[in-house]
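What follows is the residue order along each chain.
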Amino acid sequence: MATTIAPKRDDLLRGLRQSGGVCLMFIDGAFSAASDGGTRKLINPSSGEVSAVVAEGTKEDAERAIRAARQAFDSGPWSDTHAQDRAKLLFKLADKIDEHFTDLSRLETLNNGKPVRETEYDVTDAANCFRYYAGLATKPHGETFDVPAPSQTFVVREPIGVCGQIIPWNYPLLMGAWKLAPALAAGNVCILKPSELTPLTALLLATLIEEIGFPKNVVQIVLGTGPVVGQHLAQSPLVDKIAFTGGTKTGRAIMLASTGNLKKVTLELGGKSPNVVFADADFDTAVDYALFGIYANSGQVCSAGSRLIVEESLHDKLVSKIVERAGKIRVGDGFDPETEMGPIVSRAHQEKVEAYIALGKQEGATLACGGGRLPGELGEKGNFIMPTVFTNTRRDMRIVQEEIFGPVLVVQTFKDEAEAIAIANDTIYGLAGAVFTNDIAKAHRVIRKLRAGITWINTYHPTYNEAPWGGYKQSGSGRELGTYGYDSYTEVKQINVNLDVAPSGWFSD
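Residues numbered from 1 in each chain as written. Predicted model: local features only at pLDDT ≥ 70, side-chain atom pairs only at ≥ 80, totals over all residues. Heavy atoms only, no water.

J.: Where do I start with the overall build of the chain in this structure?
T.: Summing up its helical and strand segments, the chain has 17 helices and 24 strands in all. On C-alpha atoms alone, the chain measures out to a radius of gyration of 24 Å, which is about the 23 Å that the 2.2 N^0.38 rule sets for 509 residues. For the chain, the spread of C-alpha atoms along the three principal axes comes to 85 × 60 × 40 Å. A fraction of 74% describes how many contacts in the chain between residues 6 or more apart in sequence connect residues 24 or more apart. If you sum the accessible surface of the chain, you get close to 20,900 Å²; carbon and sulfur atoms cover 51% of it. (Helix = DSSP H or I, 4+ residues; strand = E, 2+ residues; numbered from the N terminus. Rg over C-alpha atoms; globule rule 2.2 N^0.38 Å. Contact = heavy atoms within 4.5 Å. Areas by Shrake-Rupley, 256 points an atom, 1.4 Å probe, with all protein chains shown as cover.)

Below, the structure is given as structure tokens:
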């Protein structure tokens, strides 16, 4: 069992702007407290101790940021800044993230709880995301059309304007990069609202943005809850676009709130993703990725492989090995280098996952392993749940149909290819999915039939800044990352030029 070896809290918070021990927001070009003086205590998920105190933003704070952003876009220099200059700033920000690699990764572990080995990957990915979009900013983004003379017609892409960006707690820094990098590359101004549970790395990012010298109000960081700050961003007629990553229920509320001015909306929502394993798959590879697919980040991943769909003839052997391996996963404090799986982000979410485990038992599923909290003192203080596997499930069970967002794997079986596809698609979600088989033709047949936006063959979870991210059905709308992510932050303008300037003669004199 891993032990608690967290660094001193003050050392981890030293890069943040504070006043009276309260970490401040970044609004209208300055670090400031909440308008009503409100604060929120952040809790270390591994220890249950207070990790920081941050300003708790209000509707008034959100409005102040919105008006500053509107002014910055409409009258400020950013929308007229050349793409090369935007790219230089984004490259500098990526370099700053690299310089603060240790501070960012450890701060993320303090706030979110995930193991340092995971947060280090996240910090590297965040820097790479800014570099990718810095490079993309200067690349061609228009089209020309061969139309009848004397006209010339072409299309340009222009920034949308003020973008409200609401990110979740499971990948705080990385989700911030996914939102900010393409929006800034395209010339927009951004109001980023991190989760009220995990704002610390976003606040450190704000200090780096200030150090680099981004123009005033191009990026603002507003703290607070979704129903207060997030809702106001979604409703405001001065905001041109909302980008949200989080739960499907909240996504519906944001889409509804955004109809007031028909703002552009990008939603990356929940999932109940199938991981389909055929009997002819490489056994060790299938086991390895089944574990990684559901227990990475303690299952708190929208694209987690939470439904393991196994060919009947392989079921007993595969499940036996997965249960054996899951029982050996080292669960503990994210700062312990031996830890392989960290805590659940909050006590409230831990209790939600536990309620689903209890529901699975009530529904008649078999608990093959896990299902409880980490034993011992660490488990009493922190929000830990042991890796859990349910077998003997039915397609109508809530644990099979609903997103649990925790380290809970549900196992289903199939007889043939057609049934595997039917079971895989039997969900309101369509974010991700995988197929494991050594028959490459079968792999491609099945992957093409999966109703999901992100898919893998003989692997699970690798993602790339160059490729689009998003889902089918109730897993969201629009795409992030790649050129798709850049395009989602632009308006398309058609321009027609008359090359023979003379009256048309359409109407008689």
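J.: When you look at the environment of Ile191 in this model, what are you seeing that I'm missing?
T.: With respect to the secondary-structure elements, Ile191 resides in strand β10 (residues 189-193). Between the C-alpha atoms of Ile191 and Gly164, which are 27 residues apart in sequence, the distance is 4.9 Å. Setting aside chain neighbours within four positions, we find Ile191 in contact with Ala65, Ile66, Ala69, Val162, Cys163, Gly164, Gln165, Gln220, Val222 and Leu233.

J.: Before we go on, may I ask you to explain helix α4 (residues 101-112) in this structure?
T.: Three or four residues apart is the spacing at which side chains of an α-helix point the same way, because the helix has 3.6 residues per turn. The first and last C-alpha atoms of α4 sit 16 Å apart over 12 residues, in line with the 16 Å expected at 1.5 Å per residue. For α4, every residue scored as buried is listed here: Leu104, Ser105, Leu107, Glu108, Thr109, Leu110, Asn111 and Asn112. Gly113 sits one or two residues past α4 and shows a positive phi near 100 degrees. (Expected span 1.5 Å × (residues − 1). Buried < 20%, exposed > 50% of the residue type's maximum accessible area, 1.4 Å probe, protein only.)

J.: Sorry, what's going on with the packing of aromatic side chains here?
T.: When we look at a pair of aromatic rings, we describe it by the centre distance and by the angle of the planes. Going through the model one piece at a time under the given rule, you end up with 8 aromatic pairs. The interplanar angle of 80 degrees and the centroid separation of 4.9 Å between the aromatic rings of Tyr132 and Tyr133 together place this pair among those described as edge-to-face. Exposure class is identical for Tyr132 and Tyr133. Each is buried. Seen in terms of ring centroids, Trp456 and Tyr460 are 4.5 Å apart; in terms of plane orientation they differ by 40 degrees. Their pairing is tilted. When its relative accessible area of 0% is taken as the criterion, Tyr460 is described as buried. (Phe/Tyr/Trp six-rings, centres within 6.5 Å; stacked < 30°, edge-to-face > 60°.)

J.: Even after reading the chapter, I still don't get unusual backbone geometry, so can you show me in this structure?
T.: For residues besides glycine, phi is generally negative; the peptide bonds are generally trans as well. Omega for the bond connecting Ala149 with Pro150 falls within 30 degrees of zero, at 10 degrees, which places this linkage in the cis form. Mapped onto the elements, Pro150 comes out in the loop between β7 (143-145) and β8 (151-159). Positive phi is not limited to glycine here, since Asn217 has a value of about 70 degrees. Inspection of the secondary structure puts Asn217 in the loop between α7 (200-212) and β11 (219-221). Relative accessible area serves as the criterion here: at 8%, Asn217 is assigned to the buried category. Although it is not a glycine, Asn458 sits at a positive phi angle of roughly 60 degrees. With respect to the helices, strands and loops of the structure, Asn458 is situated in the loop between β21 (454-457) and β22 (472-473). By relative accessible area, Asn458 is classed as partly exposed at 28%.

J.: Quick question: what am I supposed to make of the pairing of strand β14 (residues 274-277) here?
T.: In summary, the side chains of a regular strand alternate between the two faces of the sheet. Side chains of β14 alternate between two faces, with Pro274 and Val276 and Asn275 and Val277 buried alike. The parallel pair β14 and strand β15 (residues 307-311) is bridged by helix α10 (residues 283-295), and the resulting crossover is right-handed. Pairing of β14 with strand β20 (residues 432-436), which is carried by 3 bridges, proceeds in the parallel orientation. Of the residues in β20, the one forming a bridge with Val277 is Phe436. (Right-handed = clockwise from strand over helix to strand, strands pointing away. Pairing = 2+ DSSP bridges.)

J.: Looking at this structure, I do not really get the environment of Lys263. What am I missing?
T.: Tracing the chain through its elements places Lys263 in the loop between α9 (248-257) and β13 (264-268). Its relative accessible area of 7% is what places Lys263 among the buried residues. Separated by 20 residues in the primary sequence, Lys263 and Ala243 place their C-alpha atoms 10 Å from one another. Discounting residues that sit within four places of it in the chain, Lys263 has contacts with Leu233, Ala234, Gln235, Ser236, Val239, Asp240, Lys241, Ile242 and Ser258. A polar contact of 2.6 Å, which involves the side chain of Lys263, links it to the backbone oxygen of Ala234. A distance of 2.8 Å separates a polar atom in the side chain of Lys263 from a polar atom in the side chain of Asn261. (Polar contact = N/O pair within 3.5 Å; in protein donor to acceptor, adjacent residues only side chain to side chain.)

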